[in-house]
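Summary of the model geometry
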Amino acid sequence: GPLWLLVVVSLVAGSLPAPVGPVVRSSWHDIVDGDDDLLRRAYSFDSVSEEVLYVVGPIVAAAAVAVWGAPAVILASATALVIASIGLTTVLRGMRGSAEERQPRPRVPWRSLTFLLGLLPAIAIGLLLGGLELAAVALIISLAGEGVAGVPAALISIGSIVGGLVYGRRRWPGTAAAQSVAAVLGAAVAVAVGAWVAGLLPAVLAAFLVAGLF
């Protein structure tokens, strides 16, 4: 189809998937009954579990697209997402029903300036990660071909698995905000190094792995 139609359909598709990750993360507080130490470990476990899927998913998807084509793979992915979302809804409805009934109705966050300002870092990181993912795929295809297009995302996820396991095993100095800044700076340095050595495939792959670690 024409480029404008692909852009429109991509925007619509990106806005429709169920927010599985945020919903699950918001449920951990109820599951661990407010225990801060268990909550930190739970978030670490959640991150690692999700990243395991991101290791397997891109590699399988890239190989499947090469064999069956993109339309079939996209249809299969959409079907799996619908089934998973229904299952998650069924599980969480019973677990969170009583807790939600006791809580007052939250005010609309879009009317809060603090909330809107808090979105800016998340948007910036999202744009940077999105740009990194696109550039990484284009680079790997130019260096090694379409069959390994899923390798960058897999390496970033493998690094993230290691980072999540290490982070969840101990208490780290400083506040969560300071830790976040340090992690973002570490990832930025790794990405910058990856851009600097863009012509060397092993060095680029190592940079992806380190970026995911942070």
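Quick word on the side chain of Ser157
- Mapped onto the elements of the fold, Ser157 is located in helix H6 (residues 151–168).
- Discounting residues that sit within four places of it in the chain, Ser157 has contacts with Glu51, Tyr54 and Val55.

Things to note about helix H7 (residues 176–196)
- Taking 1.5 Å of rise per residue, the 21 residues of H7 would be expected to cover 30 Å, and the 30 Å separating its terminal C-alpha atoms lies within 8% of that figure.
- Inspection of H7 places Gln179, Gly186, Ala187, Ala190 and Gly194 among the buried residues, and these make up the whole buried set. Relative to the axis of H7, the buried residues are bounded by an arc of 95 degrees and lie together on one face. Across from the buried face of H7, at angles greater than 90 degrees, the exposed residues are Ala177, Leu185, Val189, Ala195 and Trp196.
- Close packing links the buried residues of H7 with H6 and helix H8 (201–213).

Observations concerning the packing of aromatic side chains
- A complete count under the given rule lists two aromatic pairs for this structure.
- Consider the rings of Trp28 and Phe45, whose centres lie 6.1 Å apart with planes at 85 degrees: the pair is edge-to-face. On the criterion of sequence distance, the pair formed by Trp28 in helix H2 (residues 20–31) and Phe45 in helix H3 (residues 36–68) is long-range, its members being 17 residues apart.
- Ring geometry for Tyr167 versus Trp172: centroids 6.5 Å apart, planes at 5 degrees, classification stacked.
- Residue Tyr167 is classed as partly exposed on the basis of its relative accessible area, which comes to 34%.

Description of the packing of H2 against H3
- Between H2 and H3, the shortest axis-to-axis distance is 9 Å and the interhelical angle comes to 155 degrees. Classified by the angle their axes make, H2 and H3 are roughly antiparallel. Seen from above, H2 lies across H3 with right-handed handedness. For the pair formed by H2 and H3, the contact residues are Gly21, Val24, Arg25, Trp28 and His29 on the first element and Leu39, Ala42, Tyr43, Phe45, Asp46 and Glu50 on the second.

What about the pattern of salt bridges?
- Considering all chains together, one arrives at five salt bridges under this definition.
- We note a salt bridge from Asp37 to Arg40, for which the minimum N-O separation is 2.7 Å. Highlighted residues: Asp37 and Arg40, both in helix H3, separated by three residues, approximately one helical turn.
- Here Arg41 makes a salt bridge to Asp37, at a shortest N to O gap of 3.4 Å. Of this pair, Arg41 and Asp37 are both found in helix H3, four residues apart, which corresponds to roughly one turn of the helix.
- The class for Arg41 is partly exposed, based on a relative accessible area of 39%.
- The network of salt bridges with shared partners includes Asp37, Arg40, Arg41 and Arg171.

As for the nonpolar core
- Counting residues in hydrophobic clusters, the biggest one holds seven residues: Leu132, Ala136, Ile140, Leu155, Val197, Val204 and Phe208.
- Elements with a contribution of two residues or more to this core: helix H5 (113–144) and H8.
- By residue number, the principal contributor to this core is H5, which donates three residues.
- Leave out the neighbours within four places in its chain, and Leu132 touches Ile156, Val191 and Phe208.

Considerations on the confidence of the model for the protein chain
- For the protein chain, the average pLDDT comes to 82, and 94% of its residues sit at 70 or higher.
- Element-level pLDDT for the protein chain is lowest in helix H4 (residues 70–102), with a mean of 78, against a maximum mean of 90 in helix H1 (residues 3–15).

Details of the environment of Gly57
- Relative to the helices and strands, Gly57 is located in helix H3.
- When the C-alpha positions of Gly57 and Val151 are compared, they lie 10 Å apart, and in sequence the two are 94 residues distant.

Observations regarding the packing of H3 against H6
- Where H3 contacts H6, the two axes come as close as 8 Å, and the packing angle between them is 165 degrees. The orientation of H3 with respect to H6, classified from their angle, is roughly antiparallel. Handedness of the crossing formed by H3 with H6: left-handed. Within the contact between the two elements, H3 uses Arg40, Arg41, Ser44, Ser47, Val48, Glu51, Val52, Tyr54, Val55, Pro58 and Ile59 and H6 uses Ala153, Ala154, Ser157, Ile158, Ser160, Ile161, Gly164, Leu165, Tyr167 and Gly168.
- Residue classes in the contact of H3 with H6 are distributed as 12 nonpolar, six polar and three charged.

Criteria and cut-off values
- Residues numbered from 1 in each chain as written.
- Predicted model: local features only at pLDDT ≥ 70, side-chain atom pairs only at ≥ 80, totals over all residues.
- Heavy atoms only, no water.
- Helix = DSSP H or I, 4+ residues; strand = E, 2+ residues; numbered from the N terminus.
- Contact = heavy atoms within 4.5 Å.
- Expected span 1.5 Å × (residues − 1).
- Buried < 20%, exposed > 50% of the residue type's maximum accessible area, 1.4 Å probe, protein only.
- Arc of directions from axis to C-beta.
- Phe/Tyr/Trp six-rings, centres within 6.5 Å; stacked < 30°, edge-to-face > 60°.
- Axes fitted to C-alpha atoms, helices over the stretch in contact; angles between N-to-C directions.
- Parallel < 35°, antiparallel > 145°, perpendicular 65-115°, else oblique.
- Left-handed = near helix turned anticlockwise from the far one by under 90°.
- Salt bridge = Lys/Arg side-chain N within 4 Å of Asp/Glu carboxyl O.
- Core = buried A, V, L, I, M, F, W, Y, C linked by side-chain atoms within 4.5 Å.
- pLDDT = per-residue confidence, 0-100.
- Nonpolar A, V, L, I, M, F, W, Y, C, P; charged D, E, K, R; others polar.

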